[in-house]
Amino acid sequence: MNRGELAELAEATLQKQQACRLRLLVCCGTPCVAAGAEAVVAALREQLTGLGNLADLELVSTGCQGPCSRGPLLTVLQPGQPEQVWEKVTPELACTVLNTALQQQHLPEQNLLPQDWPFFNRQTRLVLANSGRIDPESLEQYIARGGYESLAQALHEMTPDDVCDGVVQSGLRGRGGGGYPTGLKWQLVRKSSGSRKFVVANGDEGDPGAYMDRSLMESDPHRILEGIAIAGYAIGADQGYIYVRGEYPVAAQRLRKAIKDAERAGLLGSRVLDSSFSFRIDIRIGAGAFVCGEETALLGSIMGRRGQPRIRPPYPAEAGLWGCPTLINNVETFGNIPSIFSIGPQAFSAYGNGKSRGTKVFALCGEVVNNGLIEVPMGIPLREIVYEIGGGLANGATFKAAQTGGPSGGCIPAEKLDTPVDYENLQALGSIMGSGGLIVMGEQSCMVDVARFFMEFCLDESCGKCVPCRTGTVEIYRLLSRICNGSASQRDLQTLEQLCVMMKDTSLCGLGAAAPNPVLSTLRWFRQEYEAHVKDRRCPAGVCSMNELPLHLLGEQLLQRISALRCDGEEY
Amino acid sequence: MPAITLTINNELFSARKEQTILEIAREHGIDIPTLCHFEGLEAMGGCRLCLVELQGSPRPVPACITKAAEGMVITTSSDKLIEYRKMLVELLLAERTHTCSICVQNNNCELQTLAAKLGIDHVRFDYLHQQLPMDASRERFALDHNRCVLCLRCVRVCDAVEGAHTWDVRGRGSTSRIVADLDRPWGNSTSCTDCGKCVQLCPTGALYKKGATVGEMKKERSFLNRILERRRLAAQGRSL
Amino acid sequence: MSKLRLATAWLGGCSGCHMSLLDLGELLVGLADRIDLVYGPLVDAKQFPEQVDLALIEGAVANLENLELLQQIRRNSRLLVSFGDCAITGNVTSLRNIFKVDDLLTGVYQAGPGSLPRSGEDGHVLPELLPRVLPLHQVVEVDAFIPGCPPDPDRILAAITAALNGEPIQLSEEMRTFG
């Protein structure tokens, strides 16, 4: 395929879509499938077959449309009419919608989401522009929405240096959590000398509660391929890898199909889009280790070694895969690349706040009314995410804190709700942007218990290479457990803090260094809760059982029990 | 070999460019504690005891693996570093069941010596008392996981010097364990050559010669001196 | 000048530390002028006295009796010293921590060889075991530590001398090793 053919295919597909009098988009993201989306698709398919599969009626199984807790979702597009979305769709409801639409009657209002619903209206979708709008397995539909046009533009109109400069101008920073300026990284790898160079996309998303990368890979795989190919061209690589975590089989399968389709169409492989640029992409599947999200561990894993981090420097930009310069970015970062070139770096950097430009995808979950996947401009106040997009807290609960960055991040208390969500502001609060997990907690959550949950996760996921992380996580977890069960002493609290600070400073990789963050940040904002557990043996949120005793009290209790037994003349 | 100048503990030193901070410090008699490090084996940076403060770096850096660079300003000991090192060794003492009094390596143990040197007279953390097995299936040697500090010297020397790669690690985090031949009893290992390098390099009583009782195991390393020195120099691009 | 009121106690340990104390030999005679030994396995006091200046505690906290006594010692003593490895690390006493208490008791007293010990008059056979054997400093505040299994007599002498001179008890590097 050459550039002209790409444009023709886009035009043809678009025309076909516009000619449809009715397009039904059923969300087949994982949560919607779990809620029964497949039955909805089957029912609609049966109806359409019964009608003789008319060319102007289209049914599309899309990727994630967003409001995951309200699935299955059905979006209806009719020419000249605003689009309409139904939540919690049953096969019956879907068929009613189809039939009334065909008879041009008034569509059912049952489960219809309002036109001005803030969940949709307040979002800015760049990375997720195609998610929920196209069939993820269809190359044509991606192309119809301008897909691969950015790659064509880069290959035919720009030098690799121009591409790097474009990314620098866009102000894009790493979306995996580190926030390193992406353009700068590209330039570094471009300048590094090596016999070969590699591009690696990190899709080893592992934070509890985070599923942005999964959803992106499942809903719009070609976007990632395009981003990686542009990066390959920019840095001078001929091979890319996507490292997908093993728990995401659908993502891996869709990416595989996407690679095959793109290669067949001449969008990947040798002489991409009739240029002199050749580029292959392969998938590598993780084996279930959180630490493989750390870049050096990930590279080790791709090379078939034990997935554990090594000390940097040398950074992957100098010596990555098999000692060659390697560019490694998160899949969401790559997902931003096509948008940067389709709307232009300036337009891209118009979104955002301070040094954080563009948009960020968040997996909004926890005690909010509207759980789901959202994309918002950087710098949006947290309050707007929670109360407008999220619709406030479920069951009328009061907001207590939001956790960003998962087990490596921290919590943001209610008094900081107006903080703009961007890299710098979150860091100032002792949290991090992270990969995009955003867990909202109400007053029913005990912050010590929350910290303990994340520490349990980290102790399970520590690779075991360095002492502070391997053993520190276990000891911190034990201290937190003691605080939660009521047997902690004031000195335990002190030891907890010392250990957290030490671990942050001495751990080998980012996982260990960030593991104490949930504890340190809950200590910072909710110290009184820790104190209540330790001093008064009381859990203010009523979560912790507090059914153990500190030793001095245990001794007294046992003695009482024994003297009681002796009075009864029983043996014990 | 290009020379560089750097400052360690307020004193200026000149050094070769490929040297690590640790090598330079030791050449000049400045003591930095180490445990997983062994001269001539590839540095791992796992025990974190050799952390030093480097001006301009937000966190301490491991001296064993950080190459010296022109103008570096390094502090090898401070209240903070001493406290960190103490905590790290305390964590190791708490992690497995290092009961010195009944150990073959008593009084010849690097961990025991290190603890005393760092001023540790008690451990502030919970002893984990993990239930770990011993492997005494090999004819001449035995492995006691309860005394292992996971420094991986055995893994590295077996792979890089003996070339057998009998040892590796299974599991992760605090459940990591040294295994022979993809987790078979050591006695069934077909790759092990019985050379004993792992045993002699083990800093504690985790790997020992059978027949030794409490305090009787002494590690004999001189037979490895030459080959390890050659490897150490080769890492700097030099030869003996 | 009033004498230093010294108490010793023997919790979950083998009494080896006390043997090592006796190994001070004739040096003990010299100390006798400056020390009153007011409690411990070496003297015949039944109750732990009040206002003890220095308490050397051997052994780990293994059972309820240990726990009770240790808490009393802490209340009545100015300086409480963990005396020997069992008191400091749990040492051999704590090796039972890999078992559950019930399994341990069944294993030793029912499934093991020999006959069950006969019940005492008040049904009090064994003091109730704690779920885990603990070093002293995890139970009470400890002021100083004398490591060793057992600690050499010179370590004990160094500690007592420091206390006599009103100095903090801090042993030197070679006197600090465990084991």
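Please read these numbers as outputs of a predicted model, since none were measured by experiment. (Residues numbered from 1 in each chain as written. Chains lettered and ligands numbered in written order. Predicted model: local features only at pLDDT ≥ 70, side-chain atom pairs only at ≥ 80, totals over all residues.)

## Considerations on the overall build of chain C
The helix and strand tally for chain C stands at six helices and seven strands. Put simply, chain C runs from its N terminus to its C terminus through helices and strands in the order β-α-α-β-β-β-α-β-α-α-β-β-α. For 179 residues, the compact-globule estimate of 2.2 N^0.38 gives 16 Å, and the C-alpha radius of gyration of chain C, at 17 Å, lies within 12% of that figure. Projecting the C-alpha coordinates of chain C onto the three principal axes gives extents of approximately 55 × 35 × 30 Å. Considering chain C as a whole, with its 179 residues, one finds that 41% of them fall into the buried category. Partitioning the intrachain contacts of chain C with sequence separation of at least 6 by distance along the chain shows that 82% fall at a separation of at least 24. (Helix = DSSP H or I, 4+ residues; strand = E, 2+ residues; numbered from the N terminus. Rg over C-alpha atoms; globule rule 2.2 N^0.38 Å. Buried ≥ 20, exposed ≤ 12 C-beta atoms within 10 Å, placed from the backbone. Contact = placed C-beta atoms within 7 Å.)

## A few points about the overall build of chain A
What chain A contains, in helices and strands, is 24 helices and 15 strands. The C-alpha atoms of chain A give 26 Å as radius of gyration, which agrees with the globular expectation for 572 residues (25 Å, within 12%). Taken along its principal axes, the extent of the C-alpha atoms in chain A is 95 × 65 × 45 Å. When each of the 572 residues of chain A is scored for burial, the buried share is 54%.

## Let's talk about unusual backbone geometry
Following G71 of chain A, the chain continues to P72 of chain A via a peptide bond in cis, the omega torsion being -5 degrees. Mapped onto the secondary structure, P72 of chain A falls in the loop between strand 2 (57-62) and strand 3 (74-77). Going from R312 of chain A to P313 of chain A, the amide bond is cis rather than trans, its omega being -5 degrees. The residue N9 of chain B is not glycine, and still its phi comes out positive at about 50 degrees. Summarising the element assignment, N9 of chain B is placed in the loop between strand 1 (3-8) and strand 2 (11-16). Residue N9 of chain B is classed as partly exposed on the basis of its 15 C-beta neighbours within 10 Å. Despite not being glycine, N10 of chain B shows a phi value in the positive range, around 70 degrees. On the secondary structure map, N10 of chain B appears in the loop between strand 1 and strand 2.

## Observations concerning the sheet that holds strand 3 (residues 51-54) of chain B
Residue and element names in this part refer to chain B. With mixed pairing, the five strands of this open sheet are ordered in space as 2-1-5-3-4. Both outer strands of the open sheet, strand 2 and strand 4 (61-62), are each paired with one neighbouring strand and no more. For strand 1 and strand 5 (residues 73-75), the ladder comprises two bridges, and the chain directions are parallel. What sits directly across from I8, in strand 5, is I74. (Pairing = 2+ DSSP bridges.)

## Focus: the sheet that holds strand 2 of chain A
Residues and elements named next belong to chain A. Taken in spatial order, the four strands make up an open sheet running 2-1-3-4, and their pairing is mixed. The open sheet has two edge strands, strand 2 and strand 4 (84-86), and neither has a second partner. Between one strand axis and the next, the sheet turns through 20 degrees on average, direction left out of account. Looking at chain direction, strand 3 and strand 4 are connected through three bridges and run antiparallel. (Axes fitted to C-alpha atoms, helices over the stretch in contact; angles between N-to-C directions.)

## Points about the nonpolar core
V26, L74, V200, A231 and A402 of chain A together with C154 of chain B are the most contacted members of the largest nonpolar core, which has 248 residues in total. When neighbours within four sequence positions are excluded, L74 of chain A is seen to be in contact with L24, V26, V40, V85, W86, V89, A94 and V97 of chain A. (Core = buried A, V, L, I, M, F, W, Y, C linked by C-beta atoms within 7 Å.)

## What about the pairing of strand 14 (residues 410-413) of chain A?
Across a regular strand the side chains alternate sides, sitting on one face of the sheet and then on the other. Residue and element names in this part refer to chain A. Where strand 13 (residues 399-404) and strand 14 come together, four bridges link them in antiparallel fashion. By the bridge assignment for strand 14, A402 is matched with I412. In this antiparallel pair of consecutive strands, strand 13 and strand 14, the connection spans five residues, and G405 shows a positive phi of 80 degrees.

## Some points on the interface of chain B and chain A
In many reports, interface size means the accessible area that the parts give up when they come together. Taken residue by residue, the interface counts 26 residues in chain B and 24 residues in chain A. The greatest single-element share of the side of chain B that touches chain A, amounting to seven residues, is contributed by helix 2 (residues 79-95) of chain B. Counted by class, the side of chain B that touches chain A contains 15 nonpolar, five polar and six charged residues. (Nonpolar A, V, L, I, M, F, W, Y, C, P; charged D, E, K, R; others polar.)

## Quick notes on the confidence of the model for chain A
In this model, chain A carries an average pLDDT of 93, and 97% of its residues clear a pLDDT of 70 or more. Across residues 566-572 of chain A the pLDDT falls below 50, and counting only partners more than four positions away or on other chains, this stretch makes seven contacts in the model. (pLDDT = per-residue confidence, 0-100.)

## Overview of the environment of R538 of chain A
All names here are of chain A. Within the secondary structure, R538 is located in the loop between helix 23 (527-535) and helix 24 (551-567). Between the C-alpha atoms of R538 and T495, which are 43 residues apart in sequence, the distance is 20 Å. For R538, the residues in contact, after removing those within four places along its chain, are A532, H533 and M546.

## Focus: helix 13 (residues 295-302) of chain A
All names here are of chain A. Most of helix 13 sits out of view: seven of its eight residues are buried. All of the buried residues along helix 13 are E295, T296, A297, L298, L299, S301 and I302. Immediately downstream of helix 13, the backbone of G304 shows phi near 85 degrees, a positive value.

## So, the packing of helix 10 (residues 212-219) of chain A against helix 14 (residues 331-343) of chain A
Residue and element names in this part refer to chain A. Closest axis-to-axis distance for the helix 10/helix 14 pair is 9 Å, and the angle between their directions is 50 degrees. As summarised for this structure, helix 10 and helix 14 are arranged oblique, according to the angle between their axes. Every pair of crossing elements has a handedness; the one defined by helix 10 and helix 14 is left-handed. Residues M212, D213, L216 and M217 of helix 10 pack against V331, E332 and G335 of helix 14. Each residue belonging to the contact of helix 10 with helix 14 can be placed in one class, and the counts come to four nonpolar, one polar and two charged. (Parallel < 35°, antiparallel > 145°, perpendicular 65-115°, else oblique. Left-handed = near helix turned anticlockwise from the far one by under 90°.)

## Thoughts on helix 11 (residues 221-235) of chain A
Residue and element names in this part refer to chain A. In this model, helix 11 (15 residues) spans 22 Å end to end at C-alpha, consistent with the 21 Å of a helix rising 1.5 Å per residue. Among the 15 residues in helix 11, 15 count as buried, and that is most of the element. Among the residues trailing helix 11, G236 stands out with phi positive, at a value near 85 degrees. (Expected span 1.5 Å × (residues − 1).)

## Quick notes on the environment of Y241 of chain A
Residues and elements named next belong to chain A. Its place among the elements puts Y241 in strand 6 (residues 239-244). Considered as a pair, Y241 and G286 are 45 residues apart in the sequence and their alpha carbons are 12 Å apart. Discounting residues that sit within four places of it in the chain, Y241 has contacts with F198, V200, D282, R284 and I302.

## Examining the environment of T75 of chain A
Residue and element names in this part refer to chain A. If you trace the backbone, T75 turns up in strand 3. Distance in space between the C-alpha atoms of T75 and L113 is 10.0 Å, their sequence separation being 38 residues. Those residues in contact with T75, other than ones at most four positions away along the chain, are L25, Q65, E83 and V85.

## Let's talk about the packing of helix 19 (residues 467-485) of chain A against helix 20 (residues 490-506) of chain A
Residues and elements named next belong to chain A. Look at helix 19 against helix 20: their axes get within 10 Å of each other, and the N-to-C directions meet at 155 degrees. Relative to helix 20, the element helix 19 lies roughly antiparallel. In this structure, helix 19 crosses over helix 20, and the sense of that crossing is left-handed. Taken together, the residues of helix 20 that come into contact with helix 19 (itself represented by P468, C469, G472, E475, I476, L479, R482 and I483) are D492, T495, L496, L499, C500, M502, M503 and T506.

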